Amino acid sequence: MTKWRWRKELLSERRRVPASVRFAEAMSLSSHLTSGRVVFPGQTVCAFVPIASEPGSVQMLDDMNDFGARVLLPIVTGNGPLEWSFYAGRDSLRPGPYGLREPIGEVLGTSALRIADLVLVPALAVDRNGVRLGRGAGHYDQSLPLASNGTELVAVVRDQEIFEELPSEPHDVRMTAVLTPNRGLLRFV
C-alpha cells in the first residue's frame, strides 16, 4: 500500500475509537511517561498537543511538567522545520495551523531540539524497524535530524498501530522507540 492509503485507513480507524477508550489510553500514556522509566525529572522533553483522535492529552503535558520535566512544544512556521517553545500550562496554548494548539511563549527556534533528552513524535503508525508514518506534511522529517546524537525519538501510537513493515523513503527519520498505552515504551534494536 502507498503511504497515502495507509494514512487514509489509519485515520478512519482512529475516528472509530470511542472517546472513553481514547481517554483511558491517554491516562495510560501519561502514567508510562511519569513512571520514572521514560521521562525523568530535570529532562527536556519535546512533545506535542494531540489533535482529533491522536493518542495522548494535554493532561499528559501537565503531568510531565509536574513530574519535573521541561516540556517543549512545536510551532509551525511555514513548510520548514518546526520551531519550539516551552509549555507553560494549558492556558498558554493558542490555535495554530492544521488545527494544532501551540504555546504562546518565547519562540526558541529550530535549534531548540538540540537540548531535548527525549522527543515524543506524533505518528499514525510505526513499524518494527522504527519507520514512522506521519500525516505527510514533512515537518518532523525536517526537524528530527536537528536533534543531538543519542536523543531518544519516540513515536506515540495506539497498540494496534505497530506493524511489521511500512513504506519508507530515504528522508524518513527512524524512531528509536515507540510508546503505546498498553505496552508502554518499546525500544527498537
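Whatever comes next refers back to the structure up there.
Note that the structure is a prediction, hence the values are computed from the model and not measured. (Residues numbered from 1 in each chain as written. Predicted model: local features only at pLDDT ≥ 70, side-chain atom pairs only at ≥ 80, totals over all residues. Heavy atoms only, no water.)

**Re the sheet that holds strand 1 (residues 44-46)**
Short version of the rule: Whether two strands pair depends on DSSP finding at least two bridges between them. A run of H or I in DSSP becomes a helix once it reaches four residues, and a run of E becomes a strand once it reaches two; helices and strands are each numbered from the N terminus. Throughout, an axis means a line fitted to C-alpha atoms (over the contacting stretch in the case of helices), and angles, computed between N-to-C directions, take values from 0 to 180 degrees. For this analysis, residues touch if any pair of their heavy atoms sits within 4.5 Å.
Across the sheet, 7 strands lie side by side as 3-2-1-6-9-11-12; this open sheet has mixed pairing. Two strands close off the open sheet at either side, each with one partner strand: strand 3 (83-86) and strand 12 (184-187). Neighbour-to-neighbour, the strand axes of this sheet turn through a mean angle of 30°, independent of strand direction. As judged from the 2 bridges shared by strand 1 and strand 6 (residues 118-122), these two strands associate in the parallel manner. Following the sheet pairing, Cys46 is matched in strand 6 by Val119. Across the sheet, helix 3 (residues 58-67) is in contact with strand 1, strand 2 (70-75) and strand 6; its angle to strand 2 comes to roughly 145°.

**Describing the packing of helix 2 (residues 19-33) against helix 3**
Axis angle and axis distance: for two packed helices, these are the angle between their axes and the distance between the axes, and together they describe the pair. Applicable threshold: When an angle is under 35 degrees it counts as roughly parallel; over 145 it counts as roughly antiparallel; between 65 and 115 it counts as roughly perpendicular; any other value is oblique. In this scheme the handedness of a crossing depends on how the near helix is turned from the far one: anticlockwise by less than a right angle means left-handed, clockwise means right-handed. Three classes are used, and their members are as follows: Ala, Val, Leu, Ile, Met, Phe, Trp, Tyr, Cys and Pro are nonpolar, Asp, Glu, Lys and Arg are charged, and the others, Gly among them, are polar.
The N-to-C vectors of helix 2 and helix 3 enclose an angle of 20°; their axes lie 9 Å apart at closest approach. By the angle between their axes, helix 2 is roughly parallel relative to helix 3. At the point where helix 2 passes helix 3, the crossing takes the right-handed sense. Where helix 2 abuts helix 3, its residues Met27, Leu29, Ser30 and Leu33 lie against Gln59, Met60, Asp63 and Met64. Of the residues in the contact of helix 2 with helix 3, the class split is 5 nonpolar, 2 polar and 1 charged.

**A short note on helix 1 (residues 3-15)**
As a reminder of what qualifies: Working rule for helices: expected span equals 1.5 Å times residues minus one. When accessible area is computed with a 1.4 Å probe and restricted to protein chains, residues below 20% of their type maximum are described as buried, those above 50% as exposed, and intermediate ones as partly exposed. Note that the arc is computed from the directions linking the helix axis to the C-beta atoms.
The first and last C-alpha atoms of helix 1 sit 18 Å apart over 13 residues, in line with the 18 Å expected at 1.5 Å per residue. Every buried residue belonging to helix 1 is among Lys3, Trp6, Arg7, Leu10, Leu11 and Arg14, and all of these are buried. Seen along its axis, helix 1 keeps its buried residues to an arc of 120°; they face one direction. Looking at helix 1, the residues exposed on the side facing more than 90 degrees away from the buried face are Trp4 and Arg15. Summarising the contacts, the buried residues of helix 1 are in contact with helix 2, strand 7 (125-127), strand 8 (132-133), strand 9 (152-156) and strand 10 (162-163).

**Here we look at the pairing of strand 11 (residues 177-180)**
By the alternation rule, side chains of strand 11 split into Ala177 and Leu179 and Val178 and Thr180, which are all buried. Two elements, strand 9 and strand 11, share 3 bridges in a ladder whose sense is parallel. Along strand 11, the bridge assignment pairs Val154 with Ala177. Inspection of the sheet shows strand 11 paired to strand 12 by 4 bridges, in the antiparallel sense. Across the sheet, Ala177 pairs through a bridge with Arg187, a residue of strand 12.

**Digging into the packing of aromatic side chains**
Defined as follows: Here is the rule: rings of Phe, Tyr and Trp (six-membered ring for Trp) pair when centre to centre is within 6.5 Å. Planes less than 30 degrees apart are stacked, more than 60 are edge-to-face, and the remainder are tilted.
The full count for this structure, using the stated rule, is 1 aromatic pair. Each ring, one from Trp6 and one from Phe163, has its centre 4.8 Å from the other, and the planes form 70°; the classification is edge-to-face. Placement of the pair is Trp6 in helix 1 and Phe163 in strand 10, with a sequence separation of 157 residues. Given a relative accessible area of 13%, Trp6 falls into the buried group.

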